[in-house]
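Now for the letters of each chain:
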Amino acid sequence: MTAYLITSVSVVGAAPTDLLIRDGVVAEVGAGLSAPDATVIDGTGLVALPGLVDLHTHLREPGREDAETVESGSRAAALGGYTAVCAMANTSPVADTAGVVEQVWRLGREAGLVDVQPVGAVTVGLAGERLAELGAMADSAAQVRMFSDDGHCVADPLLMRRALEYVKAFDGIIAQHAEEPRLTEGAQMHEGEVSTRLGLIGWPAVAEEAIIARDVLLAEHVGSRLHVCHVSTAGSVEVLRQAKARGVRVTAEVTPHHLLLTDERAESYDPVFKVNPPLRTSADVTALRAALADGVIDIIATDHAPHAVEDKECEWAYARPGMLGLETALSIALDVLGPEWDLIAERMSRTPARIAGLTGHGVDPAPGAPANLTLVDPAVRRTIEPAELASRSRNTPYARMTLPGRIVATFLRGEPTVLDGKAVK
Ligand SMILES: NC(=O)N[C@@H](CC(=O)O)C(=O)O
């Protein structure tokens, strides 16, 4: 295994130092290190972060390999600074059995670019009717601990209760896509002034808030762990704030796009801006940013949702919801939060690793720590060109936008997956 000596690098924003990576771990940290056998990387001006961890990635394999594969999505993740991603279950077939989660887990290992941790479905076929084989998925080689019907809400309160009870036995967690389906039938975008003007059916904020309110009560009643996917409204933040103050075991994520973009983007009728939950108002964006800073929202998760051209470049009403996220998330975080490196490490690496139980990830570079880390150049501004993305899909909402920050290198257990801003394999 090659050793790497990264010189004069700022570890999570601290004063520059040298980092020696050897045999899969951070072997030494300190000024003036020397290692004649090591490949030297000049870290001047760069920031080393614990490898980013995404709790919410759609990899589309099995079933929609035209949109993304475990390998292409893993490459996009590594290029975005990630060392671990949680692969959502809404594949075809659905990841609702030990067999499918093991397949995804194995494909991730074969790609070898990030650790791919499969998420299991809560209900069979995401149909919301009966519980999937949660225990068999937990006992499988993939050791699933997080379950989600993401893309669909577990709307039946009894099923939700049973799922929360079931996973308690192995300290599992249910990640809910909070959307009361009766309130969003036919919905195309956020319900508000813009939807009224455009004549599109609205997805009201209350459809999200009502489910979160119900689920925090259920989680409290059962004493189980709940994670709320892609929180998008100011009202949801208030429900979560109250639940956390009462000690409910709830965590929550926000996506980069909900931190940056608003429903006014729909005025373009460009379906690249169609997403679930929809882009909201600037007041929601402000509340989400504040909640991310004060910890009511625990993490940034991408909801990387690749879609094939025919599913996106069509009429708004027929387009699938979802946008790419892995290769731009850190840049959006830098844009929104500024160079708050400790906060970025907390919200994009340490806390998501802890929620998902991914040992070896989310650990700051320190002697003896597994060398899962990424090097960021915050001084570079880059213009996003969809054709240059590693994802198989092109549905980035940031096309031709200029964003701060570039991932220079990513290491997975001491092996580079990205060097000089390019994927190693
Ligand atoms: N977030 C999205 O807009 N899309 C997700 C699933 C979903 O939540 O609808 C997808 O899988 O494409």
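Each value, and the rule that gives it
- Residues numbered from 1 in each chain as written.
- Predicted model: local features only at pLDDT ≥ 70, side-chain atom pairs only at ≥ 80, totals over all residues.
- Heavy atoms only, no water.
- Helix = DSSP H or I, 4+ residues; strand = E, 2+ residues; numbered from the N terminus.
- Pairing = 2+ DSSP bridges.
- Contact = heavy atoms within 4.5 Å.
- Axes fitted to C-alpha atoms, helices over the stretch in contact; angles between N-to-C directions.
- Near = heavy atom within 4 Å.
- Areas by Shrake-Rupley, 256 points an atom, 1.4 Å probe, with all protein chains shown as cover.
- 1 Å grid on protein atoms, 1.4 Å probe; cavity = no way out; pocket = protein on both sides within 12 Å on 5 of 7 lines; lining within 4 Å.
- Sits in = over half its atoms within 2 Å of the grid points.
- Nonpolar A, V, L, I, M, F, W, Y, C, P; charged D, E, K, R; others polar.
- Salt bridge = Lys/Arg side-chain N within 4 Å of Asp/Glu carboxyl O.
- Buried < 20%, exposed > 50% of the residue type's maximum accessible area, 1.4 Å probe, protein only.
- Parallel < 35°, antiparallel > 145°, perpendicular 65-115°, else oblique.
- Left-handed = near helix turned anticlockwise from the far one by under 90°.
- Points joined across faces, edges and corners; volume = space filled by probe spheres on them.
- UniProt positions renumbered as here; feature names shortened; annotations may be inferred.
- Polar contact = N/O pair within 3.5 Å; in protein donor to acceptor, adjacent residues only side chain to side chain.

1. Quick word on the environment of V237
Its location among the elements puts V237 in helix α7 (residues 234-245). For the pair V237 and L288, spaced 51 residues apart in the sequence, the C-alpha separation amounts to 7.1 Å.

2. Overview of the sheet that holds strand β9 (residues 146-147)
With parallel pairing, 5 strands are arranged side by side in an open sheet as β9-β10-β13-β14-β15. At either end of the open sheet lies a strand with only one pairing partner, and these are β9 and β15 (299-300). Sheet strands in contact with helix α6 (residues 205-222) are β10 (173-176), β13 (225-228) and β14 (250-254), and its direction is about 165° off that of β13.

3. Quick notes on the site of the ligand
Around the ligand, a shell composed of H58, R60, N90, G151, H177, V275, N276, D303, A305, H307, P321 and G322 is seen. Bound to the protein, the ligand loses 94% of the 310 Å² it would expose on its own. Given that more than half its atoms are within 2 Å of the pocket grid, the ligand belongs to the largest pocket. Residues of the shell around the ligand, tallied by class, amount to 3 nonpolar, 7 polar and 2 charged.

4. Let's talk about the pattern of salt bridges
Summed over the entire model, instances satisfying the criterion amount to 25 salt bridges. With a shortest N-O distance of 3.7 Å, R400 and E385 are connected by a salt bridge. Of this pair, R400 sits in the loop between β16 (373-383) and β17 (402-412) while E385 sits in the loop between β16 and β17, and the two are 15 residues apart along the sequence. The exposed category is assigned to R400, whose relative accessible area is 57%. A relative accessible area of 30% means that E385 is categorised as partly exposed. The network of salt bridges with common partners includes R64, D66, E310, D311 and R320.

5. Quick notes on the packing of helix α11 (residues 329-337) against helix α12 (residues 341-356)
Direction vectors running N to C along α11 and α12 enclose 135°, while the axes themselves pass 11 Å from each other. Taken together, the axes of α11 and α12 are oblique relative to one another. For the pair α11 and α12, the crossing hand works out as right-handed. On α12, the residues that touch A329, L330, A333, L334 and L337 of α11 are W341, L343, I344 and M348. Each residue belonging to the contact of α11 with α12 can be placed in one class, and the counts come to 9 nonpolar, no polar and no charged.

6. Comments concerning the layout of surface pockets
The calculated volume of the largest pocket comes to roughly 830 Å³. In terms of lining, the largest pocket is formed by 40 residues, of which the most central are N90, G151, H152, N276 and P321. In the lining of the largest pocket, the residues fall into 16 nonpolar, 16 polar and 8 charged. Estimated volume of the second largest pocket: approximately 520 Å³. Contributing to the lining of the second largest pocket are 23 residues, with W105, D115, Q117, A142 and L358 lying nearest its centre. Of all the secondary structure elements, the ones that give two or more residues to the lining of the second largest pocket are α2 (98-111) and β8 (115-118).

7. Looking at the UniProt feature "binding site: Zn(2+) 2" (unreviewed entry) in the chain
Per the UniProt annotation, the sites labelled "binding site: Zn(2+) 2" (unreviewed entry) are D150, H177 and H230. Taken along the chain, the residues just named run across 81 residues; in space they keep tight, none of their C-alpha pairs more than 9.9 Å apart. Here, the largest pocket is lined by D150, H177 and H230 out of the annotated residues. Along the chain, H177 turns up in the loop between β10 and β11 (189-190). Among all residues touching H177, those that are not within four sequence positions of it are D150, G151, H152, C153, C229, H230 and N276. Looking at H177, its side chain comes within polar contact range of the side chain of D150, at 3.2 Å. With respect to the secondary-structure elements, H230 resides in the loop between β13 and α7. Not counting chain neighbours up to four residues away, the residues in contact with H230 comprise H56, D150, H177, E208, E253, T255, N276, P277 and D303. A distance of 3.4 Å separates polar atoms of two side chains, one belonging to H230 and the other to H177.

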